[in-house]
There are 2 protein chains.
Amino acid sequence: MKISALLTSAGINIGLCVLFLSLYSVLRKQPANVRVYFGRRIAEENERLRGAFILERFVPSTGWIVKALQCPEEEILAAAGLDAVVFNRILVFSIRIFSLAAVLCVFGILPLNYFGKDIQHVRIPSESLDIFTIGNVEVKSRWLWVHCVALYIISGVACILLYIEYKHIARLRLLHLTSATSHPSHFTVLVRGIPKTAKKSCSDVVDDFFTKYHSSSYLFHQVVYKVGKVQKIMTGAKKAYKKFKHFTDETVDQGCRSITYRCCLCGASSNSFKLLNTECEQNRGKVDNQVSLNSDDEECTAAFVFFKTRYAALVASEILQTSNPMKWVANLAPEPEDVYWSNLWLPYKQLWCRRIFTLLGSIVFMFLFLVPVTFIQGLSQLEQLQQRLPFLRGILKEKYYMTQLVTGYLPSVILQIFLYTVAPIMMLFSTLEGPTSHSERKRSACCKVLYFTVWNIFFVNVLSGTVISQLNVLSSPKDIPVQLARAIPGQATFFITYVLTSGWASLSSELMQLFGLIWNFIRKYVLRMREDTEFIPSFPYHTEVPKVLLFGLLGFTCSVLAPLILPFLLVYFFLGYVVYRNQLCSFQLLNVYRTRYDTGGLYWPIAHNTVIFSLVLTQVIGLGVFGLKESPVAAGFTIPLIILTLLFNQYCRNRLLPLFRTFPAQDLIDMDREDEQSGRIDEIHHQLHSAYCQFPDTEDVPLEKIKIVGGDEEQGSSSSSGESTGKETSEDPKMDLSHPTLKRLPITRLRHAVRSITFLIRLQKRGLS
Amino acid sequence: MKISALLTSAGINIGLCVLFLSLYSVLRKQPANVRVYFGRRIAEENERLRGAFILERFVPSTGWIVKALQCPEEEILAAAGLDAVVFNRILVFSIRIFSLAAVLCVFGILPLNYFGKDIQHVRIPSESLDIFTIGNVEVKSRWLWVHCVALYIISGVACILLYIEYKHIARLRLLHLTSATSHPSHFTVLVRGIPKTAKKSCSDVVDDFFTKYHSSSYLFHQVVYKVGKVQKIMTGAKKAYKKFKHFTDETVDQGCRSITYRCCLCGASSNSFKLLNTECEQNRGKVDNQVSLNSDDEECTAAFVFFKTRYAALVASEILQTSNPMKWVANLAPEPEDVYWSNLWLPYKQLWCRRIFTLLGSIVFMFLFLVPVTFIQGLSQLEQLQQRLPFLRGILKEKYYMTQLVTGYLPSVILQIFLYTVAPIMMLFSTLEGPTSHSERKRSACCKVLYFTVWNIFFVNVLSGTVISQLNVLSSPKDIPVQLARAIPGQATFFITYVLTSGWASLSSELMQLFGLIWNFIRKYVLRMREDTEFIPSFPYHTEVPKVLLFGLLGFTCSVLAPLILPFLLVYFFLGYVVYRNQLCSFQLLNVYRTRYDTGGLYWPIAHNTVIFSLVLTQVIGLGVFGLKESPVAAGFTIPLIILTLLFNQYCRNRLLPLFRTFPAQDLIDMDREDEQSGRIDEIHHQLHSAYCQFPDTEDVPLEKIKIVGGDEEQGSSSSSGESTGKETSEDPKMDLSHPTLKRLPITRLRHAVRSITFLIRLQKRGLS
């Protein structure tokens, strides 16, 4: 590939970027798209703008960029959580280190590479890109020490920056822990592997155990019910409901939000059955609770146990409870919003099996993915492609710009399309693994996507570029440094185009929310669906973190060998900084994403490990290159660098990683004391009763408002459930599963609920006749 | 190698074994050797036999074998600790699984191998050993499924037996924990990384921290002093003492046990300076304590912290104390006898560095060891040796039995001699690592020796047999199954001779205590040293456990491929069972070894992992062999076996391993309650005050008995320090470092001590003049 082809590709992408950014700045001002770019609330506020036509709306502006850059870290932390800050710090770290690397390598190493061999230079635009890589330096060159020094400087500065960031984030994590008013999760332990006894109910077993062994700090508990059974009953009820609803489709509103669409001809919606449907929703929620309360004896496998102090909960979660490590397994509970309820009832015994099988599954998937990647790689190596498909030769020779396009652009686009399937599949694997929280699931998916990306985009591309049959690669680990050293400079071309397409273009499309925009358009104007006020996505860390880290890996490995990639990469990171900050900054709740859950900065250790891996890989490749160039001094000096980097990593693991695995007792005890002295502790204990609610359908229906419909006893007026605010105020007296009166009456209430459903069906029938 | 050569080798070894065993049964009855085979106490009891001459003494007997076999497990547990039981169970497991394997493979697979190819068989004694390996089976043989089934049966039964043993030992560990009256270590936490403050003394800092954050359960603490400084002062004092002692050598007894020997002409020892020396010893002890008390401010880096209950100590050891994971690091303390005092004061910050560097050191040592091993391997491959050293050809051809000896015996003997250096070197590495207990140090050395043994004896021998240049091996991991599959049958010969020499012969010499016997003889009759009543070695688990596990590995890997090794191995395990049981059985305290410390069964996880590794390796080799023999069915069936074995291992890790890492809270709480109800807890708390004593020199000198010699104030009579019983009764009111009166007077006491020494020196001078 020549400079001109690269410039073509860069030109296309710059054009696309500018287009997308301008489009964004225009589209975000359109009332019709307000739901794509802003949250629900701002949508309501902007209602008044809906009809008006203002010229300003159609002029591109840059105000949002300034706003994004000005937003301070504290605001991001307050609005979007620690994960957003971590993501922001990853970008800041990348910008810092690659600014240095770009200056160092473009002005120090690029000229050395270019004039490395005593050859005739043509005009720069027609120059092959390989001229700018280390491949152009002569064997036994006197100038290789410069490369070695650059490697030292980059590694050293990267380690220092990493350490500063690690410490900063650890501090923030502690601050986040201590500054928050009261996380119910700090007082709560999720207990799994509760042993079954024939005599006592599960709830009693939990109560007995914790009263006996944690009497001084045990508060109360809340049993988690197996959702499977409940859902089975619910599905039956729903089916019956739908069967009748099918006939009354034209008059019944979508209050219960079934999958029927209002067709374009309908006009205004009727409210005729609104009341009924609302009741139905409420009943559904109640049935959930009551059926589950009934299934107490056999179905429970987990429980939330609440403690008086944070420290007691921490202690209970850290120690081995009994002599059977598979029973009474206690872990700190996730935040109420973060709980992944449908995994909680999984038997603890299964989990290790699930973990192994999903691991195997992901590995198999990783290797099966090689097939399309190999094909794509063939495209970028035009000569090989022409050899394999001879008929292409004629076409490609005639049209020059076609060649440019095929080599410069097409491979990355195809790869990109394939890559879109990866994240959902990895998310599925992570779900099957059985995590108990959404954040854990996303973090696990993030790791999987990262491994996948690094293997399939970096290694396979690098190695298939030279070896073609990838499986041979596995058979000679000793040669890998040399292999990589030969391959990386050659593959730098591909990586530069990858940065351009996958980096720049996908960032702009992320900003534009292309998919969201299209989906919004289709839903609004083709399907004519009502706006779904509930669905606001949370930030896809599991796709974005690996993407940024992959570009970091590309940057490190190419920095010394093929420095031409660095300016492009730096532009990517700057752009990413603006775009992601815009998405995450202080108006985040009002902007695109909603922060429902937070890992508490657990993405940072992933990022740290990846950077260390990238550094060591760079050094190993450097070792290979210096070996190839027969420079024993430079190669000899690289070995201590590798050892020092690994020692630094080990130091960080000892010094900072434990803080990301558990909480320090000192801080928790201090917080407990403060709460006790200020008397806030009773209030917190009271709030715990309503903190965890297994059946989210009833989240917004306070206990008082539930009136049971039908039968012979009660038939009250019901409040509209449409007023759900999405925001959860924990002061509301919600469905309290551990409430003693509720516990006593499960069977009678179940009968009650069944009666309500039959009454409902009867009512529907009457409406039909 | 031919059957006849093997039989020669076996014959030599059987002869040696019988000789050694008979010698043992005779020598153990000789009064002169009673110190080698029995402990100190029985030596005293048998004093009366010393002179008598009884014929029975010189007749070999078998009574000890019967006695060893009859000794029940409970007695071993009571007398020699859990580690001895674990070692015994490893042997029992090996005997069980290899009995089955031997029956299965000798009667099922050996004939198949022997008649595997349609060739002319010569007389069996002249038959090459290779005829009995799987190498003799035809490619695409119909009978390979028998090998596959045998592999399944051996793996399955091994896993079942492993699980039974694992569970049994876990149960014993819990029993050991709960049945013991009161281990002071259960109430004690070893705290390291105590932060230094300018204002307060270290002791106050510890007190403040634990009073603040563990107020409800904190009892008191005891600071550990840096031994280095104390020792420096001591060395100075000793030098001064020796300088003068040099002149008075003929009249001064070895009360202070310096390194001077009583020559043969001296006759009875004089007691003239006995009193003085005893005083000197006492003073030395006191100086230790006082100097250290003085160095309080700067030197302390660790402390023992005592808690009211076992549970509180467990909790303190499990949680992260502060937001700096390198400060206030708490771990459950080792038993008082087990504490490795000289490592306690190491700064905690250093430890991770030390661990990495010793790891690197051991790896380097492992690879440097390749040199002699390669040479030895050359010896066993006679043809290669003759090619390299042509002059040997003539010698070896002429003398037939020389060839037999060189191929069958010499290589293992040379290897054996080299191997004797490994254990001390690994022990040194483990010491440098900075463990806080003797048992941890020994366990760490055990792991290192195990890795070393498996790599250098198994892998290098196997791979160098076929590849010659070992480093090439590293470059092709994919070919390793095939490589191993080719090599193992060929190397079976070497392994059989290894079992004969290293296994049988070394077991008999272990029983005979050959080195001990020789050393005893030299000391007694050549050097004419006084009997050292203090020195009784503890059982060398770090050499014996790896040895037994290596033979297990050989057995598993050869079982299906070259079953001829199994009968020899089985004899080894039976012999080992008798010999080790004799050493460890109920009279263990009176027999050879003394149990000073115990890991609490932590050798079992090492054994378990090694067996699993051996099984998987066997299966991988089987896969390679079936691949070589082009039997896709057998190869295909081996893959699920590997996966199942790994799953089984994972299950054990989840189900049983946590019990070996920590203690279950339930049991500890139950024990605490029992002690509280029975009122025993106060007694235990009182005992804790004197449990840990840093300076073992003063262990046997009660505080009351110490009178300071010299100076102007006091000059009392001193008790004889020679009466130390070796047994430690914790009821004695020993040196209490945390006693408040002692703490207040460090400097005056130090002056006092210095005065005593100068007085002492003056006294010596006067004696001289």
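Per an unreviewed UniProt entry, chain A is named CSC1-like protein RXW8, and its organism is Digitaria exilis. The UniProt entry for chain A carries the following text under Subcellular location (unreviewed entry): "Membrane". For the record of chain A, the UniProt heading Sequence similarities (unreviewed entry) holds the text "Belongs to the CSC1 (TC 1.A.17) family."

Before going further, it helps to spend a moment on the overall build of chain A. The helix and strand inventory of chain A stands at 31 helices and 4 strands. Sequence-distant contacts in chain A: of pairs separated by 6 or more residues, those separated by 24 or more amount to 84%. Accessible surface, chain A as shown: approximately 34300 Å² in total, 62% of it carbon and sulfur.

Moving on: the packing of aromatic side chains. Tallied over the full model, the rule gives 58 aromatic pairs over all chains. Where F551 of chain B meets Y572 of chain B, the ring centres are 4.3 Å apart and the plane angle is 45°; that geometry is what we call tilted. Within this pair, whereas F551 of chain B is found in helix α23 (residues 541-559), its partner Y572 of chain B is found in helix α24 (residues 565-584), the two being separated by 21 residues in sequence. Judged on exposure class, the residue F551 of chain B and its partner Y572 of chain B are both buried. The structure contains a cluster of three or more aromatic residues connected by ring pairs, namely F209, F210, Y213, Y218, F307 and W328 of chain A.

All names here are of chain A. Read from one edge to the other, the open sheet built from 4 strands follows the order β2-β3-β1-β4, with strand pairing classed as antiparallel. A single partner strand is all that each edge strand has here, and the edge strands are β2 (218-224) and β4 (329-332). Each strand axis lies, on average, 25° off the axis of its neighbour in the sheet, ignoring direction. As defined by bridge partners, β2 adjoins strand β3 (residues 302-307) across 6 bridges and the pair is classed as antiparallel. Residue Y218 lies in a different strand from β3, and its bridge partner there is F307. Against the sheet, helix α11 (residues 310-318) contacts β1 (188-192), β3 and β4, and its axis sits at roughly 135° relative to β4.

Contact with chain B, which involves 42 residues of that partner, is made by 42 residues of chain A. Of the roughly 3700 Å² buried between chain B and chain A on both sides combined, carbon and sulfur atoms contribute 67%. Looking only at chain B, the three residues that lose the most surface to chain A are Y213, L320 and W352 of chain B, adding up to 17% of its buried area. The interface formed by chain B and chain A contains 0 salt bridges. Applying the counting criterion to the chain B and chain A interface returns 14 residue pairs in polar contact (both at pLDDT 80 or more). Listing elements by their share of the side of chain B that touches chain A, those giving two or more residues are α7 (202-213), α11 (310-318), α13 (348-368), α26 (632-655), α27 (658-661) and α28 (665-678) of chain B.

On a regular strand, one side chain projects to one face of the sheet and the next to the other, so that they alternate. Residue and element names in this part refer to chain B. Counting buried positions along strand β1 (residues 188-192) gives 5 out of 5 residues, so the element sits mostly inside the fold. Burial of β1 is two-sided: the residues T188, L190 and R192 facing one way and the residues V189 and V191 facing the other way are all buried. Pairing geometry for β1 and strand β4 (residues 329-332), over 4 bridges, is antiparallel. When the bridges of β4 are listed, V189 appears paired with L332.

A separate point is the sheet that holds β1 of chain B. All names here are of chain B. Spatially, the 4 strands line up as an open sheet ordered β2-β3-β1-β4, and their pairing is antiparallel. The open sheet is flanked by β2 (218-224) and β4, the only strands paired with a single partner. On average, each strand axis in the sheet is tilted by 25° relative to the strand beside it, whichever way the strands run. Judged from the 5 bridges that link them, β1 and strand β3 (residues 302-307) form a sheet pairing that is antiparallel.

Put simply, the two copies of the chain differ by a rotation about an axis and a shift along that axis. If you rotate chain B by 180° and push it 0.0 Å along the axis, it lands on chain A with an RMSD of 0.1 Å. Taken together, the turn and the small shift mark the pair as related by a two-fold rotation axis.

All names here are of chain A. Viewed as axis vectors pointing N to C, helix α28 (residues 665-678) and helix α29 (residues 680-688) meet at an angle of 105°, and their least axial separation amounts to 5 Å. Looking at the two axes, α28 sits roughly perpendicular to α29. Counted together, E674, D675, E676 and S678 of α28 and R680, I681 and I684 of α29 form the full contact between these two elements. Residue composition of the contact of α28 with α29, grouped by class: 2 nonpolar, 1 polar and 4 charged.

Residues and elements named next belong to chain A. Taken domain by domain, chain A holds domain 1 (3-182 + 350-663) and domain 2 (185-247 + 261-346). The partner domain 2 presents 19 residues to the 25 residues of domain 1 that form the contact. Residue assignment for the side of domain 1 that touches domain 2 shows that the elements contributing at least two residues are α13 (348-368) and α20 (438-467). Ranked by the residues each element gives to the side of domain 1 that touches domain 2, the list is headed by α13, at 4 residues.

All names here are of chain A. Together, I518, W519, F521, I522, Y525 and V526 line one region of the surface with nonpolar side chains, adding up to about 610 Å² of accessible area. By the element assignment, V526 lies in helix α22 (residues 514-526). With relative accessibility at 52%, the residue V526 sits in the exposed group.

Bringing the environment of S182 of chain B into the picture now. Residues and elements named next belong to chain B. Structurally, the position occupied by S182 is in the loop between α6 (144-179) and β1. In sequence terms S182 and I681 are 499 residues apart; their C-alpha atoms lie 9.5 Å from each other. Once you skip the residues sitting within four places of it in the chain, S182 turns out to touch R310, I684 and Q687.

Here we come to the side chain of Q222 of chain A. All names here are of chain A. Mapping Q222 onto the fold places it in strand β2. Judged by its relative accessible area of 2%, Q222 falls in the buried class. Side-chain polar atoms of Q222 contact the backbone oxygen of Y692, separated by 2.7 Å.

All right, on to the pattern of salt bridges then. A complete count under the given rule lists 18 salt bridges over all chains for this structure. The partner of R96 of chain A in a salt bridge is E165 of chain A, with the nearest N and O atoms 3.4 Å apart. Linking R96 of chain A in helix α5 (residues 73-114) with E165 of chain A in helix α6 (residues 144-179), this pair joins segments that are 69 residues apart in sequence. Looking at E165 of chain A, the relative accessible area reads 1%, which means it is buried. Where E165 of chain B meets R89 of chain B, a salt bridge forms, and the shortest distance between an N and an O atom there is 2.8 Å. Placement of E165 of chain B in helix α6 and of R89 of chain B in helix α5 (residues 73-114) is noted, with a sequence separation of 76 residues between them. Here the salt bridges share partners, and the residues they tie into one network are E73, R89, R96 and E165 of chain A.

This paragraph deals with helix α26 (residues 632-655) of chain A. When the terminal C-alpha atoms of α26 of chain A are compared, their 35 Å separation across 24 residues agrees well with the 34 Å that a helix rising 1.5 Å per residue should span. The set of residues buried in α26 of chain A consists of A634, A635, T638, L641, I642, T645, L647, F648, N649, C652 and R655 of chain A. Lining the buried residues of α26 of chain A we find α6, α25 (603-628) and α27 (657-661) of chain A together with α13 of chain B.

Ranked by size, the top nonpolar core spans 135 residues in total, and within it F98, F458, V499, F573 and W604 of chain B carry the most contacts. Of all the elements, α5 of chain B adds the most residues to this core, at 22 residues. Among all residues touching W604 of chain B, those that are not within four sequence positions of it are V86, I90, L162, E165, Y166, I169 and F660 of chain B. Among the nonpolar cores identified, the runner-up in size contains 134 residues, and W64, L129, F539 and L570 of chain A belong to it.

Turning our attention to the confidence of the model for chain A. Residue and element names in this part refer to chain A. Summing up the model confidence of chain A, the mean pLDDT is 73 and the portion of residues at 70 or higher is 63%. Throughout residues 247-297 the model reports pLDDT below 50, and contacts reaching past four residues in sequence, or to other chains, amount to 99 contacts. Throughout residues 466-474 the model reports pLDDT below 50, and contacts reaching past four residues in sequence, or to other chains, amount to 14 contacts. Reported for the predicted complex are a pTM of 0.77 and an ipTM of 0.75.

Turning our eyes to something else, we now look at the environment of C159 of chain A. All names here are of chain A. Note on placement: C159 falls in helix α6. Sequence spacing of C159 and T645 is 486 residues, and the spatial spacing of their C-alpha atoms is 7.6 Å. Ignoring sequence-local partners within four residues, the contact set of C159 consists of L615, T645 and F648.

Here is what the cut-offs are and how they apply
- Residues numbered from 1 in each chain as written.
- Chains lettered and ligands numbered in written order.
- Predicted model: local features only at pLDDT ≥ 70, side-chain atom pairs only at ≥ 80, totals over all residues.
- Heavy atoms only, no water.
- UniProt positions renumbered as here; feature names shortened; annotations may be inferred.
- Helix = DSSP H or I, 4+ residues; strand = E, 2+ residues; numbered from the N terminus.
- Contact = heavy atoms within 4.5 Å.
- Areas by Shrake-Rupley, 256 points an atom, 1.4 Å probe, with all protein chains shown as cover.
- Phe/Tyr/Trp six-rings, centres within 6.5 Å; stacked < 30°, edge-to-face > 60°.
- Buried < 20%, exposed > 50% of the residue type's maximum accessible area, 1.4 Å probe, protein only.
- Pairing = 2+ DSSP bridges.
- Axes fitted to C-alpha atoms, helices over the stretch in contact; angles between N-to-C directions.
- Buried area = accessible area lost by both parts, 1.4 Å probe.
- Salt bridge = Lys/Arg side-chain N within 4 Å of Asp/Glu carboxyl O.
- Polar contact = N/O pair within 3.5 Å; in protein donor to acceptor, adjacent residues only side chain to side chain.
- Least-squares fit on C-alpha atoms with pLDDT ≥ 70 in both.
- Parallel < 35°, antiparallel > 145°, perpendicular 65-115°, else oblique.
- Nonpolar A, V, L, I, M, F, W, Y, C, P; charged D, E, K, R; others polar.
- Domains from an automatic or database assignment.
- Patch = residues over 30% accessible without salt bridge, like charges linked within 9 Å, V, L, I, M, F, W, Y side chains within 5 Å.
- Expected span 1.5 Å × (residues − 1).
- Core = buried A, V, L, I, M, F, W, Y, C linked by side-chain atoms within 4.5 Å.
- pLDDT = per-residue confidence, 0-100.

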